[in-house]
Amino acid sequence: MSIARVALPVAAFETFDYWIPEGLAAGPGAVVRVNLAGRHRIGVVTAVDGTSAHAERLLPIDEVIEGVRLPGEIIALAEFVSRYYQCAAGMAFDLALPPIARSGAVSRRPASRARATRIDREADAALHARDASDASDAPDVAPAGSRAPELNAAQQDAADAVAASFGSFAAFVLFGVTGSGKTEVYLQAAREAVARGGQVLILVPEINLTPQFEERVRATLPQVHAVTLHSGLPAGTRRANWEAAASGAAGVVLGTRLAVFTALPHLALVVVDEEHDDSFKQQEGVRYHARDLALWRARRRGVPIVLGSATPSIDTWRRARAREARLLTLGSRAAAGTVAPAIAFAPVRGAVVAGGLTPQLVDALAGALARREQALVFVNRRGYATSLKCSACAWEASCPRCTARLVVHRGPDRLRCHHCAHAERLPHRCPACGNVDILAAGFGTQRLEEAIRTAFPTARVARVDRDTTRGRDAFASVRRRVDAHEVDILVGTQMLAKGHDFGRLTLVGVLGADNALYSADFRATERLTALLVQVAGRAGRAGPPGRVIVQTDFPDHPVYRALAAADYAQFADDVLAEREAAMLPPATRIALLSGEAHERADVDRFLAQAFECGRGLAGTVARSDDRIELFGPVPATLARRAGFERGQVLVQSHRRAVLQAFLPRWREAIERSSPRRVRWVIDVDPVTF
Ligand code: ADP
Ligand code: ZN
Ligand code: ZN
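Residues numbered from 1 in each chain as written. Chains lettered and ligands numbered in written order. Predicted model: local features only at pLDDT ≥ 70, side-chain atom pairs only at ≥ 80, totals over all residues. Heavy atoms only, no water.

Caption draft 1: Inspection of the overall build of the protein chain at higher detail. In terms of helices and strands, the protein chain carries 18 helices and 27 strands. Structurally, the protein chain occupies a C-alpha span of about 80 × 65 × 55 Å along its principal axes. Counting over 689 residues, the protein chain shows a buried share of 54%. In the protein chain, of all internal contacts separated by at least 6 residues, the share reaching a separation of at least 24 is 75%. For the protein chain, the distance from the average position of its 86 positive side-chain charges to the average position of its 74 negative side-chain charges is 3 Å. (Helix = DSSP H or I, 4+ residues; strand = E, 2+ residues; numbered from the N terminus. Buried < 20%, exposed > 50% of the residue type's maximum accessible area, 1.4 Å probe, protein only. Contact = heavy atoms within 4.5 Å. Lys, Arg positive; Asp, Glu negative; His and termini not counted. Charge placed at Lys NZ, Arg CZ, Asp CG, Glu CD.)

So this is what it looks like as structure tokens:
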């Protein structure tokens, strides 16, 4: 009898055995429906064997889902993810499956079965409609005149270097200042890969960036069948696009982090754009990092990978400096006549500040408006004010369920927690002392929008943040309005910082950046620098020169100096040296055990036990040149969230292999002893604390 090992999306690290009925093609990679404890489940066959330890009690496989089959490479990838990130095998395989909902079969998310099926049908209809009109659609997405520019020498060298390594693994860091034409390099390399019959996987950090990127792919490579994959697509479209990739029909697959799991039989090149972006790391469920998995995949498949950024992550920078990756540099902007923007700093303290705006920024905005140019004003907080305080006593509005301040929102007027769903009415007097003089302090996007509308009543202002872009098409519609010059001033959060190309934008103002300097996270300055360089990079990308005004009281801070000197390489070298001296990643490898429970005592006890047990196990994996170190337990940065008390233990070692030997043993020991009251997770290579 043939026995299938099936990975099921449940919290179990092991696979489950089922017998394969006669005539059912349930080999490795087959997607199957089985019965687990009375419920239908969709899983993946990871291996087939002749024996099972539980042979007499086995159930049969009920059905093989047709049209989806995971190749060996993806099975290996999912198994690696389970091993490396300490997550259940079935959860890792679940990431690799396209949405499955067909007649007879069940949805992978039983709770939303009806909905998934309905969406599927709509999407299928839409898909067929599009198929039928494919040819007539083409002029829409490839407008006349948007032909690919001829590459400059630096771009051509970079594209040639990548193409020269087709057929074997090589990692490239495409370090190109904003507007230097990195995208053209990816597309040139992609063109050559596809010409040789290969497939290209391009990962971008955000769904919002896919339409713009997709347009450029279609304009530059009109003959190539390109598909997108991200969680914002209707299930039917995603499934069809997945099949186009898995069958080899799609030449280019463009997607967000989850696309790294796509089956690609002819994979020839991998591109990770804006590789420094934290969105590549999934923060819940399976905590994988798509850029790291892309590297793993490229190495295993023996294909080149390009990690592109104007501000490479320090992890990637280390790789380049250690010559594990080759640095390709694009030092200047590509479009004719464009230069890097001029950077200026404006002091906030003591300055006459109208609605949070310094006189310098107000003047510059007035100038841009007079010249009919566009401006972007950036503040990385949504809402109206960052806190609400009493002027007479120490009261400050705080969340009853989190250790966090409540944020003032307008229209409707509410106090909202940004860490949980809590919301309440705005009080009109201090709940502690009755004083009516309560103050909204700090600036969010709403307040900034208000200040700008007051200062420039005739300007057309658009605000872009998570609150204004909830609808599926909201972001795209703002883009269109900006492109059509129906907007003079954009106000927004980091959503606007990434990768967008707004043609007439010549001025960028930055507010509130100093707040990030006080963060306890060791990556805070790396992140702030990346954000500032990216947001500054929106200015002057075509035509008139750009100007950036950063409101800060600390213009001599290394972050701002790096920005002013336009010398990210020096900054990255300095940060890397600091990390090495302080034994922080990427000089070391870390994992974080986080626990949470309603009672503080339960978390503390759990973490103390885990810490002791970890100390005991550390000795068993120590090597002469490396050992495991444990730190903690300490409360999490956000000590209480949504009613849960939170804490953590950090584990560190110099070698990935030593940490990887330690983690499964530790995880198993914690599994055996953890009380039900405590929820916990191990985050390998964490990006937040
Ligand atoms: P990046 O991704 O590095 O920020 P892009 O690839 O978006 O830069 O290019 C920035 C702008 O420069 C785009 O408008 C693009 O069309 C233009 N561009 C890129 N390469 C060239 C080139 N070789 N000649 C002229 N314009 C170019
Ligand atoms: Zn008070
Ligand atoms: Zn809260």
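Caption draft 2: Examining the packing of helix α14 (residues 524–536) against helix α16 (residues 568–582) more closely. Packing of α14 against α16 brings their axes to within 11 Å, and their N-to-C directions diverge by 170 degrees. As the angle between them shows, α14 and α16 are arranged roughly antiparallel. On the side of α14, the interface is formed by T525, E526 and T529, while α16 contributes Y568, F571 and R579. Across the contact of α14 with α16, the residue classes break down as 2 nonpolar, 2 polar and 2 charged. (Axes fitted to C-alpha atoms, helices over the stretch in contact; angles between N-to-C directions. Parallel < 35°, antiparallel > 145°, perpendicular 65-115°, else oblique. Nonpolar A, V, L, I, M, F, W, Y, C, P; charged D, E, K, R; others polar.)

Caption draft 3: Fine view of the layout of surface pockets. Its volume calculated, the second largest pocket comes out at about 400 Å³. Looking at the second largest pocket, it is lined by 22 residues, and the ones nearest its centre are V177, T178, A340, V533 and A566. Elements with a contribution of two residues or more to the lining of the second largest pocket: β6 (170–176), β12 (326–330), α14, α15 (558–565) and α16. In terms of residues, the lining of the second largest pocket owes the most to one element, α15, which gives 3 residues. Looking at the lining of the second largest pocket, its residues break down into 15 nonpolar, 5 polar and 2 charged. Formed jointly, the lining of the second largest pocket draws a minimum of three residues from each of two domains, domain 2 (138–330) and domain 3 (342–384 + 443–578). (1 Å grid on protein atoms, 1.4 Å probe; cavity = no way out; pocket = protein on both sides within 12 Å on 5 of 7 lines; lining within 4 Å. Points joined across faces, edges and corners; volume = space filled by probe spheres on them. Domains from an automatic or database assignment.)

Caption draft 4: Quick look at the site of ligand 1. Taken together, the neighbourhood of ligand 1 is formed by 18 residues, with E150, Q155, G179, K182 and R216 sitting nearest. In the environment of ligand 1, a nitrogen atom lies 2.8 Å from a nitrogen or oxygen atom belonging to the side chain of Q155. S180 places a main-chain nitrogen or oxygen 3.3 Å from an oxygen atom of ligand 1. The leading source of residues in the shell around ligand 1 is helix α6 (residues 182–195), at 3 residues. (Near = heavy atom within 4 Å. Polar contact = N/O pair within 3.5 Å; in protein donor to acceptor, adjacent residues only side chain to side chain.)

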